[in-house]
Amino acid sequence: MPDVTKTATAVEDAVATPSVDASAPAAKSEKARSLWGDAWADLRRNPYFIVSSVLIALLLLISAWPTLFTSASPTAGDLVHHFLSKPELGSIGSPEWLGYDQQGRSVYARLIHGTRASIIVGICVTAIVTFVGGIMGMISGYFGGWVDAVLSRLTDVFFGIPFLLGAMVVLQAFVERTVWVVVFALAFLGWTQITRVMRGAVITVKQADYVHAAKALGAGTTRILFRHILPNAMAPVIVVATIALGGYISAEATLSFLGLGLAAPTVSWGVDISAGVAQIRVAPHVLLWPSIMLSLTVLAFIMLGEAVRNALDPKLR
Amino acid sequence: MADIGKNDEAVAAALDAPVGRGEPILQVRNLQKHFPLTQGILFKKQVGAVKAVDGVSFDLYQGETLGIVGESGCGKSTVAKLLMNLERATAGEVFYKGQDITKLSGRALKAVRRNIQMVFQDPYTSLNPRMTVGDIIGEPYDIHPEVAPKGDRRRKVQELLDVVGLNPEYINRYPHQFSGGQRQRIGIARGLALNPEIIICDEPVSALDVSVQAQVINLMGKLQEEFNLSYLFIAHDLSIVRHISDRVGVMYLGKMAEIGTDEQIYEHPTHPYTQALLSAVPVPDPQARAHRERIILTGDVPSPANPPSGCSFRTRCWKAQERCSQETPILAVPARFQGQNTPAAHFSACHFAEEKQVVPVH
Amino acid sequence: MSIIDNTATVPAPRGGADHNGPLLEVRDLHVEFHTRDGVAKAVNGVNYSVNAGETLAVLGESGSGKSVTAQAIMGILDMPPGKIPHGEILFRGEDMLKMSEEERRKIRGRKIAMIFQDALSSLNPVLSVGYQLGEMFRVHHGMSKKDAKVKSIELMDKVKIPAAKARVSDYPHQFSGGMRQRIMIAMALALEPDLIIADEPTTALDVTVQAQVMDLLAELQQEYNMGLILITHDLGVVADVADKIAVMYAGRIVEQAPVHELYGRPAHPYTRGLLDSIPRLDQKGQELYAIKGLPPNLLKVPTGCAFNPRCPKADDICRTEIPALAPVTEQDGSDLPGRKSACHFWKETIHG
């Protein structure tokens, strides 16, 4: 029964409204609270946010300065260590900690150095997709009419292409598949989701009275778009982008696993998972550790996205 | 290009000229807004139109309050949007100081906007939730920097807060930290920032609690006197409109049914729709409920996409005759009252206009 | 300090139909909402009662607790965040708050029905109106589809929907606002309940339609001899239909009175302020009287009388002591039946 929630929000509203009055200086102690500020206060108390952001911070640190975590080279192998899988728990962080792979390279070192590829792909694809998709969605939603019709059909066409299959086809066109090529392939197909979310959000915000009020004041299109519409349409985009970031990381791993994404000598979790599968019976650890890292990373971003969603939209709780 | 620019400047200069009290500041002539109804996905074909506003004319005089009443869907809010140029009129003119503003754009339109401002219905959606109160009220100065030099703005915003009865120290707070009535005060302050001559109020108090409504109405009355404002006050609450208006227009299905001074409309209505509307308003006096005559209309307002022929009210009117379906009544002093010096002699669009008192007179 | 309603001091006999007290009685009801910023006390000790065939209007502004009380009666309060720490809701003498969910479900809809403000969102958009009306008969009376449809048409006729037979298969969006509200009324009436709670039933409607719907509701109430709790903020609507009025402020009833008495001589400054602050259709006044200040924040309701920061009569006692809802008498001490006020200065207010 929707009316129940309505009254519930009415109560909430009566609660949220501090009893401030022009004639009551008693309420002065109350500080200015922006919506972003409220969301941040909410986030800080959310354990999911704390766990995921600590994890993500660690991952960022690893990818920026991998040598802080290991001195071993991820590519230098010594066949002496071939498949030596016995974990030596006493020496956390040493090259032999998580064992060696077929070519005697330290699994731990490869794990650390492989982080960078995943994080770069995730962050760059998300950045490009949010920028391009955001602009497309904003134009499409704000201007409407034929502009919207053209952009929406274009979005539909790209949306219709199966994401991984499409990325494979794009990747086939490149001889040398560097991280940047993978970023391009994923971004090329990934922008549609953000476009749709942004378009929907802009259409909703566009009808708000404060947008009409700005127009009535004589505000120009740029001002209306960037001062009124964008800040109010950002919330769902941020949430979707954060969750999608995890998806892009796993997409990169999937492509590498299939042999179409990154390939040796590039160090990446996907490449290692691909190599590990073949030896799963003799040396499961070669497959296990990159898989765990990958899952943790994806999980961290999805958890962060959910936490942000809850903070930005308290009605969901 | 240069010509247009020059022309704009001339227009802008003309618009800043003062208008004397008692002269019309806004003249609306045969204003129309038809929203096309389309069919088809790729090739859109127009299959009809919603006649939201269908030929409305009235004058707004300097310093007065003109109330526009009507039920939902009668087009009163669309009139507000047309006057604000938030929607483009399908036909008709709006003369502001003799200049038709419906066709303006660019600088000339911006100049007009300085002088015609709006207060919105819903104080919860009319303020940008991500901006501070200071930014909201100060935004008019960002858009029209010539009104206030940069260093002066903070002081001006604080003055405005004080004028509308809010603590000037609240300048850094966000809208959600205020109650409905306070937010509406913020909306009014924003409307006042550019020192406009006309304020169009679209249901400014209908979203507020009863005890707060009175505060806002009193504030608007005070501001009108202080700044010599002309109000176009759009509302569905007939009691509030009577309280605040000098003249009142009654709209039905995109047309003006009756217009006159508040006394003419409330005490001497001649249009059957006005009479029904007035008689239906619940009066907060239980003594009155026994001996009040109420005209209960049957049915609902017809769809503006397919209005009845002739008089649009005839489908619900108890006086309707053959003539009403064939001939659209024009808004004028009805023939039987012409030349008479009675309060019933005011504009009413009915073939069978007849005075009938429905509101108890004290 | 006695906050318990006088009529409630006689222990009500337990038992169903042969109960001869009020149809519904709310005793010392408290409702809280636990929010991020603290506990919001939405209802703080409400007492009221309705008899069969009687209309009680609960008047109040947003946040006064008038709708929350109704939701607590219907058992549709969101819990959590809502919580009922204290109170009784007696339907024919039986406390509904102590009943099992199954027992309450039997009362809800069958004995007590509710009409909401927003008919469009209260009706299911993908089911035809006839189906939704018929559902009541199929579920509660086990009727066949065909019989239920006949019944639905009957009901739609009853609430004066023109061409009911032709429109029974239409969907909610095909009806106008007034017609939808009639359908809501028909649904509420379907099982011939003893009590109807109408939460702002006409607020979303236009005046001309409002009058139609209120008339219909009053007519049906007489016909079925139902009790009606009308929740509204509109003093005009109340004057038109109510028998007695309870004025709520900050989760408490501040004044109770028969309708004619209240408008003539309010016994609480808040009621007086409300009456003075509404513009009148039949008068053109000067400046309106305005109650100063803002409705209270439910997280920190002022100590003493909740209305004291806005009250022109407030004194030291108002800031420290909560006034009880006590009977109001004539100047010579003779009884004013049904009248109560929760004000330390009710004498000055009503007689002054």
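All values reported here derive from a predicted model rather than from experimental measurement.

Analysis parameters
Residues numbered from 1 in each chain as written. Chains lettered and ligands numbered in written order. Predicted model: local features only at pLDDT ≥ 70, side-chain atom pairs only at ≥ 80, totals over all residues. Helix = DSSP H or I, 4+ residues; strand = E, 2+ residues; numbered from the N terminus. Rg over C-alpha atoms; globule rule 2.2 N^0.38 Å. Buried ≥ 20, exposed ≤ 12 C-beta atoms within 10 Å, placed from the backbone. Contact = placed C-beta atoms within 7 Å. Axes fitted to C-alpha atoms, helices over the stretch in contact; angles between N-to-C directions. Parallel < 35°, antiparallel > 145°, perpendicular 65-115°, else oblique. Left-handed = near helix turned anticlockwise from the far one by under 90°. Nonpolar A, V, L, I, M, F, W, Y, C, P; charged D, E, K, R; others polar. UniProt positions renumbered as here; feature names shortened; annotations may be inferred. Pairing = 2+ DSSP bridges. Core = buried A, V, L, I, M, F, W, Y, C linked by C-beta atoms within 7 Å. Expected span 1.5 Å × (residues − 1). Bend = angle between axes of the 7 residues up to and from the residue. pLDDT = per-residue confidence, 0-100.

I tried to follow the overall build of chain C on my own but got confused; where do I start?
Of regular secondary structure, chain C possesses 13 helices and 12 strands. Taking 2.2 N^0.38 as the reference for a compact globule, 352 residues should give roughly 20 Å; the C-alpha atoms of chain C span a radius of gyration of 21 Å, in line with that estimate. Its C-alpha atoms put chain C at 65 × 50 × 45 Å along the principal axes. Counting every position in chain C, which comprises 352 residues, the buried fraction comes to 51%. Pairs at least 24 residues apart make up 64% of the contacts formed inside chain C by residues separated by at least 6 positions.

Got a minute to help me understand the overall build of chain A in this structure?
Scanning chain A from terminus to terminus reveals 11 helices and zero strands. From first element to last, N terminus to C terminus, chain A shows the α and β order α-α-α-α-α-α-α-α-α-α-α. Excluding contacts between residues fewer than 6 apart, the proportion of contacts in chain A whose partners are at least 24 apart in sequence is 69%.

Where do I start with the packing of helix α4 (residues 129–141) of chain C against helix α7 (residues 177–189) of chain C in this structure?
Describing two packed helices takes the angle between their axes plus the distance from one axis to the other. Residue and element names in this part refer to chain C. Their axes nearest at 9 Å, the elements α4 and α7 cross at an angle of 20°. In terms of axis orientation, α4 runs roughly parallel to α7. For the pair α4 and α7, the crossing hand works out as right-handed. Across the interface between the two elements, V129, Q132, L133 and M136 from α4 touch I183, A186 and M187 from α7. Tallied by class, residues from the contact of α4 with α7 come to six nonpolar, one polar and no charged.

Sorry if this is basic, but what is going on with the UniProt feature "domain: ABC transmembrane type-1" (unreviewed entry) in chain A here?
The positions that UniProt labels "domain: ABC transmembrane type-1" (unreviewed entry) are, in the present scheme, residues 115–305 of chain A. Between the first and last C-alpha atoms of residues 115–305 of chain A the distance is 20 Å; the span itself is 84% helix and 0% strand.

How should I be thinking about the environment of E321(C) in this particular structure?
Among the secondary structure elements, E321(C) is positioned in the loop between α12 (316–320) and β11 (326–329). Considered as a pair, E321(C) and G304(C) are 17 residues apart in the sequence and their alpha carbons are 4.3 Å apart.

Help me understand helix α10 (residues 272–280) of chain B, please; the structure alone is not making it clear to me.
Residue pairs spaced three or four apart in an α-helix point in one direction, given the helix's 3.6 residues per turn. By the criterion of burial, α10(B) is predominantly enclosed, with nine of the nine residues buried. Every buried residue of α10(B) is listed here: P272(B), Y273(B), T274(B), Q275(B), A276(B), L277(B), L278(B), S279(B) and A280(B). Its buried side turned inward, α10(B) meets α8 (238–244), β9 (247–252), β10 (255–261) and α9 (262–267) of chain B together with α8 (207–224) of chain C.

It is not clear to me how the interface of chain B and chain A should be interpreted in this structure. Could you clarify?
Often the size quoted for an interface is simply the accessible area lost on bringing the parts together. The partner chain A presents 23 residues to the 31 residues of chain B that form the contact. Per-element accounting of the side of chain B that touches chain A gives the leading share, three residues, to helix α4 (residues 133–143) of chain B. Its residues assigned to classes, the side of chain B that touches chain A comprises 11 nonpolar, 12 polar and eight charged.

What should I look at first to understand the interface of chain C and chain B in this one?
Between chain C and chain B, the residue contacts involve 42 residues of the former and 39 residues of the latter. Contributing elements (two or more residues each) for the side of chain C that touches chain B: α7, α8, α9 (235–241), α10 (259–264) and α11 (269–277) of chain C. If one sorts the elements of the side of chain C that touches chain B by residue count, α8(C) sits on top with seven residues. Of the residues belonging to the side of chain C that touches chain B, the class tally is 20 nonpolar, 13 polar and nine charged.

Hey, could you run me through the sheet that holds strand β2 (residues 45–61) of chain B in this one?
Pairing between sheet strands relies on hydrogen bonds along the backbone, with the strands arranged either parallel or antiparallel. Residue and element names in this part refer to chain B. Taking strand neighbours across the sheet as the criterion, the four strands line up as β2-β1-β4-β5 in an open arrangement whose pairing is antiparallel. A strand with exactly one partner marks an edge of an open sheet, and here the two such strands are β2 and β5 (99–100). Note that strand β1 (residues 24–39) and strand β4 (residues 91–96) share five bridges and pair antiparallel. From the neighbouring strand, V28 faces β4, where its bridge partner is V94. In this fold helix α2 (residues 76–83) packs onto β1, β2 and β4, with an angle of close to 75° to the strand it touches most, β2.

Please clarify how the UniProt feature "domain: ABC transporter" (unreviewed entry) in chain C should be interpreted in this entry.
Here, UniProt's "domain: ABC transporter" (unreviewed entry) annotation points to residues 24–275 of chain C. The annotated region residues 24–275 of chain C carries 40% helix and 28% strand content, and the separation between its end C-alpha atoms amounts to 28 Å.

So what exactly am I meant to see when it comes to the UniProt feature "transmembrane region" (unreviewed entry) in chain A here?
Residue and element names in this part refer to chain A. Using the residue numbers shown here, the UniProt feature "transmembrane region" (unreviewed entry) corresponds to residues 48–69, 119–143, 163–189, 233–251 and 287–308. Annotation note: span residues 119–143, helix share 100%, strand share 0%, distance between end C-alpha atoms 35 Å. Across residues 287–308, the secondary structure splits into 100% helix and 0% strand, with the terminal C-alpha atoms separated by 32 Å.

Any chance you could explain unusual backbone geometry here in plain terms?
Keep in mind that most residues, glycine aside, have a negative phi and that most peptide bonds are trans. Residue and element names in this part refer to chain B. Although it is not a glycine, N30 adopts a positive phi angle of roughly 50°. Examined against the element boundaries, N30 turns out to sit in strand β1. Judged by the 12 C-beta atoms lying within 10 Å of it, N30 is exposed.

Can you walk me through the nonpolar core in this structure?
Side chains of a nonpolar character, in soluble globular proteins, are inclined to be buried together. Ranked by size, the top nonpolar core spans 284 residues in total, and within it L186(A), I200(B), L232(B), A186(C), I197(C) and I245(C) carry the most contacts. Ranked by the residues each element gives to this core, the list is headed by helix α9 (residues 221–257) of chain A, at 15 residues. Excluding residues that lie within four positions of it along the chain, L186(A) makes contacts with V121(A), V125(A), A167(A), Y248(A), A251(A) and E252(A).

In this structure, what is going on with the environment of V247(C)? I would like to understand it.
Of note, V247(C) is situated in strand β9 (residues 244–249). Along the primary structure V247(C) and E348(C) are separated by 101 residues, whereas in three dimensions their C-alpha atoms are 19 Å apart.

Would you mind going over α9(A) with me for this structure?
With 37 residues, α9(A) extends just 47 Å between its outermost C-alpha atoms, more than 12% less than the 54 Å of an ideal straight helix rising 1.5 Å per residue. The axis of α9(A) is deflected most strongly, by about 50°, at L230(A), and proline P231(A) appears within four residues downstream.

Even after reading the chapter, I still don't get the sheet that holds strand β5 (residues 94–95) of chain C, so can you show me in this structure?
All names here are of chain C. With antiparallel pairing, the four strands of this open sheet are ordered in space as β2-β1-β4-β5. Each edge of the open sheet carries a strand with a single partner, namely β2 (38–50) and β5. Sheet topology note: the strand β4 (residues 82–91)/β5 ladder contains two bridges and is antiparallel. Across the sheet, the residue bridging to F91 is E94, located in β5. Sheet contacts for helix α1 (residues 66–74): β1 (24–35), β2 and β4; angle to β1, the most-contacted strand, approximately 110°.

Got a minute to help me understand the confidence of the model for chain A in this structure?
Low pLDDT marks regions whose predicted coordinates should not be analysed in detail. On average, residues of chain A score 80 in pLDDT, and 83% of them reach the 70 mark or higher. Confidence drops under pLDDT 50 across residues 1–29 of chain A; counting only partners more than four residues distant or on other chains, this segment forms 52 contacts.

What exactly am I supposed to notice about the pairing of strand β12 (residues 335–341) of chain C here?
For a regular strand, the rule is simple: side chains alternate between the two faces of the sheet. Residues and elements named next belong to chain C. Relative to β12, strand β10 (residues 252–258) is paired through two bridges, and the arrangement is antiparallel. Across the sheet, E255 pairs through a bridge with S341, a residue of β12. As judged from the three bridges shared by β11 and β12, these two strands associate in the antiparallel manner. Directly across from A326, in β12, lies its bridge partner S341. Between β11 and β12, which pair antiparallel in sequence order, lie five residues; one of them, G333, sits at a positive phi of approximately 90°.

Looking at this model, I keep getting lost on the environment of T303(C). Mind explaining?
All names here are of chain C. Along the chain, T303 falls in the loop between α11 and α12. Overall, T303 belongs to the exposed group, with 12 C-beta atoms counted inside 10 Å. Excluding anything up to four places from it in sequence, T303 contacts R319 and T320.

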